[in-house]
Amino acid sequence: MPGTPLVLPNAWDAASARAVGAAGFPVVATTSRGVAASLGYEDHERAPTDEMLAAAARIATAVNVPVTVDAEAGYGMKPSDLVTRLKAMGAAGCNLEDTNHATGELREPVEQADWLRAVRGAASDQGYGLVINARIDVFLSAIASGKGQAELVSEALRRAHAYVEAGADCVFPIVLWEPDALESFVSDAPGPVNVLQIPPAPSHAALAELGVARISYGGLLHHDAMEQFGRLLESLPCAPADG
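Residues numbered from 1 in each chain as written. Predicted model: local features only at pLDDT ≥ 70, side-chain atom pairs only at ≥ 80, totals over all residues. Heavy atoms only, no water.

Undergrad: Quick one: what's the story with the packing of aromatic side chains, residue by residue and with numbers?
TA: In total, this model carries zero aromatic pairs according to the counting rule given. Lying over the aromatic face of W115, R107 brings its terminal NZ or CZ to 5.5 Å of the ring centre. (Phe/Tyr/Trp six-rings, centres within 6.5 Å; stacked < 30°, edge-to-face > 60°. Lys NZ or Arg CZ within 6 Å of the ring centre and 35° of its normal.)

Encoded structure:
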């Protein structure tokens, strides 16, 4: 059913988060790629957990709108500990992905569902209405293998149903952008769907027509901002090195 998706620009520090809020967006999302880069690390849980969560906390305190935190795959934390940290920083929600970064492989859907169920249980025990956006990473493999995305829709939906049943509020089939595959996924998804709008994803209007509930940008805005910064630097005079 056509709708009006919630648009979530992804911030990477307090300044970019304030810019998102000042532009009138009702929610700020963080990007693990941008946050990690701003701290001097690579993405995919290669940055120290405490530094990533401290950066997310600074973002959450910098704005007067809800913040949803890209918590990657949970940093190997116990669900209760992760929930406690998210609650303490005032996060309204989080992304949790089903890649095991220690192995570089996808977690089994039953294993991931059990983990999400534990996160939901921990939040309930703490009286915390955490919004869980369950990221589904099966389409990342299509980029490397050259497979068509339609071949992976059934597996993505299997995971989506397991994750929503486990307590996720929204599902996020990252880098799903082929129109027919995307339409198939959205039409059979068990709950709201978040889509990453990076090229070559469909337009905002097309995603709204499909019934997509949330649109986010991942590390794209950070990437574009840094490219623009690079162009500005190239326009400045540079003194020759001594010697």
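So that's the structure; there's more coming.
Undergrad: Report on the environment of D180, specifying residues and quantitative values.
TA: Structurally, the position occupied by D180 is in helix α8 (residues 179–188). Spatially, the C-alpha atom of D180 lies 8.9 Å from that of Q149, the residues being 31 residues apart in sequence. (Helix = DSSP H or I, 4+ residues; strand = E, 2+ residues; numbered from the N terminus.)

Undergrad: Let's hear about the sheet that holds strand β11 (residues 214–216): which residues, and what values?
TA: With parallel pairing, the three strands of this open sheet are ordered in space as β1-β11-β10. Taken across any chain shown, the strands that pair with only one partner, and hence form the sheet edges, are β1 (6–8) and β10 (194–196). Between one strand and the next, the sheet's axes are offset by a mean angle of 20°, whatever the strand orientation. Taken together, the three bridges between β1 and β11 define a ladder with parallel strand orientation. Bridge pairing links V7 to I215 in β11. (Pairing = 2+ DSSP bridges. Axes fitted to C-alpha atoms, helices over the stretch in contact; angles between N-to-C directions.)

Undergrad: Got a sec to walk through the sheet that holds strand β3 (residues 28–30)? Specific residues and values, please.
TA: In spatial order, the strands read β2-β3-β4-β5-β8-β9; together these six strands make up an open sheet with parallel pairing. The strands lining the two open edges of the sheet, one partner per strand, are β2 (10–11) and β9 (170–173). Bridge count for strand β5 (residues 93–97) against strand β8 (residues 131–136) is five bridges, and the pairing is parallel. Note that in β8 the partner of L96 across the bridge is A134.

Undergrad: Explain the layout of surface pockets residue by residue, including any values.
TA: Estimates place the volume of the largest pocket at around 680 Å³. Broken down by secondary-structure element, the contributors of at least two residues to the lining of the largest pocket are β3, α2 (32–39), β4 (67–70), β5, β8, β10, β11 and α10 (220–234). For the lining of the largest pocket, the class distribution of residues is ten nonpolar, 17 polar and eight charged. (1 Å grid on protein atoms, 1.4 Å probe; cavity = no way out; pocket = protein on both sides within 12 Å on 5 of 7 lines; lining within 4 Å. Points joined across faces, edges and corners; volume = space filled by probe spheres on them. Nonpolar A, V, L, I, M, F, W, Y, C, P; charged D, E, K, R; others polar.)

Undergrad: Give me the lowdown on unusual backbone geometry, citing residues and values where you can.
TA: The phi torsion of most residues other than glycine is negative, and most of the peptide bonds are trans. The omega angle of the peptide bond from P199 to P200 is 10°, so this bond is cis rather than trans. Tracing the chain through its elements places P200 in the loop between β10 and α9 (204–210). Here H44, not a glycine, exhibits a phi torsion of approximately 70°, which is positive. Take H44: it is sitting in the loop between α2 and α3 (49–62). For Y75, which is not a glycine, the phi torsion comes out positive at approximately 60°. Tracing the backbone through its elements, the reader meets Y75 in the loop between β4 and α4 (79–89). With relative accessibility at 11%, the residue Y75 sits in the buried group. (Buried < 20%, exposed > 50% of the residue type's maximum accessible area, 1.4 Å probe, protein only.)

Undergrad: Can you explain a nonpolar patch on the surface? Please cite residues and give values.
TA: Among the surface-exposed residues, M226, F229, L232, L233 and L236 lie close enough to one another that they form a single nonpolar patch of about 490 Å² accessible area. Tracing the backbone shows L233 in helix α10. (Patch = residues over 30% accessible without salt bridge, like charges linked within 9 Å, V, L, I, M, F, W, Y side chains within 5 Å. Areas by Shrake-Rupley, 256 points an atom, 1.4 Å probe, with all protein chains shown as cover. Salt bridge = Lys/Arg side-chain N within 4 Å of Asp/Glu carboxyl O.)

Undergrad: Let's hear about the pairing of β9: which residues, and what values?
TA: Alternating residues of β9 divide into C170 and F172 and V171 and P173, and every residue in both groups is buried. Direction of pairing for β8 relative to β9: parallel, over a ladder of four bridges. Its bridge partner being in β9, I136 is matched across the sheet by P173.

Undergrad: I'd love a proper account of the pattern of salt bridges, names of residues and values included.
TA: Pairs can form between side chains of opposite charge whenever their charged atoms are close. Within this structure, the stated rule accounts for nine salt bridges. Here R135 and E97 are joined by a salt bridge, their closest N and O atoms 3.2 Å apart. In this pair, R135 sits in strand β8 while E97 sits in strand β5, placing the two residues 38 residues apart along the sequence. Judged on exposure class, the residue R135 and its partner E97 are both buried. The residue D98 makes a salt bridge to R159 at a minimum N-O spacing of 3.2 Å. Residue D98 is located in the loop between β5 and β6 (99–100), and its partner R159 is located in helix α7 (residues 153–165); the two are separated by 61 residues in the primary sequence. Residue class for D98 comes out buried when judged on its relative accessible area of 0%.

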